[in-house]
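# Commentary on secondary and tertiary structure
Given next are the chains, with one letter for each unit.
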Amino acid sequence: MKRCPFHRVDHSPWPLLTAWGLGLAAISFAQFLHGDSFYWVMASLCGTILCIYWWFVDIVTEATFLGKHTIRVQRGIRIGFCFFLLSESMFFISFFWAFFHSALSPSHVIGCYWPPEMMTMKCMGIPLANTGLLVGTVYPCNVAQKAIKSAQLRPLLFWLGVVMVMGACFVGLQLWEYYTAKFTIADGIYGSCFFALTGLHGMHVIGGLLFLFVAWNRARLGHFSSQRHLNLTFAVWYWHFVDGIWIAVYAFVYIWTAWGWQWSFTDIFSNLEWLSSSFKGLV
């Protein structure tokens, strides 16, 4: 009888408890916006984090010590993580949609002009330094992946540490930028879009740092080999995803808005028609 490459998952309370924790966190945050105490938000978030922690402890145990994650199981996990990144992309697209809806067709409330007549965020200084930090992490991430594939532990730990330090510097500079900003999230549609997009990305950077720290710690404990290191692979994939999102945020939210480019889809189509007619005239 041919052995099945899959295993039967043990009963676990953590998915249900995590879902309840996230739901309570959302409800308590909504209540906080209406004047309730922030204590319940922190309590629900801490409970959710503990549930996620023990959930992943069970997954690491069955993968590393019980040997249940076969090649077929790993392939399924890779596909699932790719779908997770796709869902995260759709999440960011919805926020970019709100930004472009306001930027390409500004309403009369903000004077039919984008960016609004207010102190907007500049694209130089801290934003440019943050862009350099995130783009600069691409090289050490790739070096760390090559190190684990060649079973070199010290270079792996060193380069992952470099990535985490650069990411922590990014978060620190982002917080300083928020502290010194001349506007708040309540200052019109520009403030809402800016803080929503950059804050959402900052939360993903913090999540990516936690992801990398778990991979770094598991590598230090000897959980990885040159053939089995899905945790590290997913952490690097997620970090590259965060890098790509920031490039889009910097290009549109910072550069495009700071330079005050004014265009719409009608202008694009008219310019394309003008280029095609000019090309035909040259031919």
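Reading guide: rules and limits
The numbering scheme is per chain: residues are counted from 1 as the chain's sequence reads. Local features are withheld for residues below a pLDDT of 70 in this predicted model, meaning they are given only at 70 or higher, and side-chain atom pairs are given and counted only at 80 or more; totals for whole chains, interfaces and linings count all residues. No hydrogens and no water enter the side-chain calculation; it runs on all heavy atoms of the structure. UniProt positions are given in the numbering used here, feature names are shortened, and annotations may be inferred rather than shown by experiment. Secondary structure elements are defined from DSSP: runs of H or I of at least 4 residues count as helices, runs of E of at least 2 residues count as strands, and each element is numbered from the N terminus. Only protein chains enter the accessibility calculation, which uses a 1.4 Å probe; a residue whose area is less than 20% of its type maximum is buried, one above 50% is exposed, and one in between is partly exposed. Whether two residues are in contact is decided by their heavy atoms: any pair within 4.5 Å suffices. What makes a nonpolar core is a set of buried Ala, Val, Leu, Ile, Met, Phe, Trp, Tyr and Cys residues whose side-chain atoms join them at distances within 4.5 Å. For a helix, the expected span equals 1.5 Å multiplied by the residue count minus one. For helices, the fitted line uses only the C-alpha atoms of the stretch in contact; every axis is such a line through C-alpha atoms, and the angle between N-to-C directions lies from 0 to 180 degrees. Roughly parallel means an angle under 35 degrees; roughly antiparallel, over 145; roughly perpendicular, 65 to 115; everything else is oblique. Crossing handedness: left-handed means the near helix sits turned counterclockwise from the far one by under a right angle, and right-handed means the same turn made clockwise. Ten residues, namely Ala, Val, Leu, Ile, Met, Phe, Trp, Tyr, Cys and Pro, are considered nonpolar, four, namely Asp, Glu, Lys and Arg, are considered charged, and the remaining ones, Gly among them, are considered polar. When the centres of two rings from Phe, Tyr and Trp lie within 6.5 Å, Trp using its six-membered ring, the rings pair. Their planes under 30 degrees apart give stacked, over 60 give edge-to-face, and anything left gives tilted. A patch is a set of surface residues, each over 30% in relative accessible area and not in a salt bridge, joined within 9 Å for like charges and within 5 Å for the nonpolar side chains Val, Leu, Ile, Met, Phe, Trp and Tyr. Per-residue accessibility takes into account occlusion by the displayed protein chains alone, with areas from the Shrake-Rupley method and a 1.4 Å probe. A pair is scored as a salt bridge if a Lys or Arg side-chain nitrogen falls within 4 Å of a carboxyl oxygen belonging to Asp or Glu.

You'll find the protein entered in an unreviewed UniProt entry as Cytochrome c oxidase subunit 3, with Azumapecten farreri given as the organism. Under the heading Subcellular location (unreviewed entry), UniProt records this for the protein: "Membrane".

Looking only at helices and strands, one finds nine helices and zero strands in the protein. Each helix and strand of the protein, ordered N terminal to C terminal, gives the series α-α-α-α-α-α-α-α-α. The buried share of the protein, taken over its 283 residues, is 35%. Contacts spanning at least 24 positions in sequence make up 77% of the contacts within the protein whose residues lie at least 6 apart.

Time to look at the nonpolar core. The biggest cluster of nonpolar side chains holds 54 residues, and the ones touching the most others in it are Leu 156, Phe 194, Leu 232, Trp 239 and Tyr 254. Looking at this core, the elements that each hand over two or more residues are helix H3 (71-104), helix H4 (126-136), helix H5 (138-149), helix H6 (153-180), helix H7 (188-220) and helix H8 (230-258). In terms of residues, this core owes the most to one element, H8, which gives 17 residues. Each residue touching Leu 232, except ones within four places of it in the same chain, is listed here: Ala 144, Ile 148, Leu 156, Leu 160, Ala 215 and Phe 224.

Attention shifts here to H3. The end-to-end C-alpha distance of H3, which contains 34 residues, comes to 48 Å, matching closely the 50 Å that a straight helix rising 1.5 Å per residue would cover. Within H3 the residues assigned to the buried category are Val 73, Gln 74, Phe 81, Leu 85, Glu 88, Phe 92, Phe 96, Phe 99, Ser 102, Ala 103 and Leu 104.

All right, on to the packing of H7 against H8 then. One way to put it is that H7 packs onto H8 with a least axis distance of 9 Å and a crossing angle of 160°. By the angle between their directions, the pair H7 and H8 is classed as roughly antiparallel. Of the two possible hands of crossing, H7 and H8 adopt the one that is left-handed. Across the contact of H7 with H8, the residue classes break down as 20 nonpolar, seven polar and one charged.

Our focus in this paragraph is the side chain of Asn 231. By the secondary structure assignment, Asn 231 is in helix H8. Asn 231 sits in the buried class, given a relative accessible area of 11%. Once residues within four sequence positions are removed from consideration, Asn 231 is found in contact with Phe 211, Val 214, Ala 215, Arg 218 and Phe 224.

Sites flagged by UniProt as "transmembrane region" (unreviewed entry) map to residues 12-32, 38-56, 77-100, 124-144, 156-176, 188-216 and 237-259. Summarising residues 12-32: 90% helix, 0% strand, and an end-to-end C-alpha distance of 31 Å.

This part takes up the packing of aromatic side chains. Two aromatic rings, taken as a pair, are described by how far apart their centres are and by the angle between their planes. Counted by the stated rule, this structure contains 28 aromatic pairs. With 5.8 Å between their ring centres and 85° between their planes, Tyr 139 and Trp 159 make a pair best called edge-to-face. Here Tyr 139 is found in helix H5, whereas its partner Trp 159 is found in helix H6, with 20 residues between them in sequence. Residue classification places Trp 159 among the partly exposed residues on the basis of a relative accessible area of 24%. Of the aromatic side chains, those joined through ring pairs into one cluster are Phe 81, Phe 84, Phe 92, Phe 211, Phe 234, Trp 237, Tyr 238 and Phe 241.

Its location among the elements puts Ile 77 in helix H3. Note on Ile 77: relative accessible area 29%, which makes it partly exposed. Distance in space between the C-alpha atoms of Ile 77 and Leu 230 is 8.8 Å, their sequence separation being 153 residues. In contact with Ile 77, other than residues within four places in its own chain, are His 69, Leu 230 and Phe 234.

Our focus in this paragraph is a nonpolar patch on the surface. Nonpolar side chains collect at one region of the surface, where Phe 29, Phe 32, Leu 33, Phe 38, Met 42 and Leu 45 lie side by side and expose about 540 Å² of accessible area between them. Only helix H1 (14-33) and helix H2 (39-65) provide two or more residues apiece to the nonpolar patch. Here the element with the most residues in the nonpolar patch is H1; it accounts for three residues. In this fold, Phe 32 is placed in helix H1.

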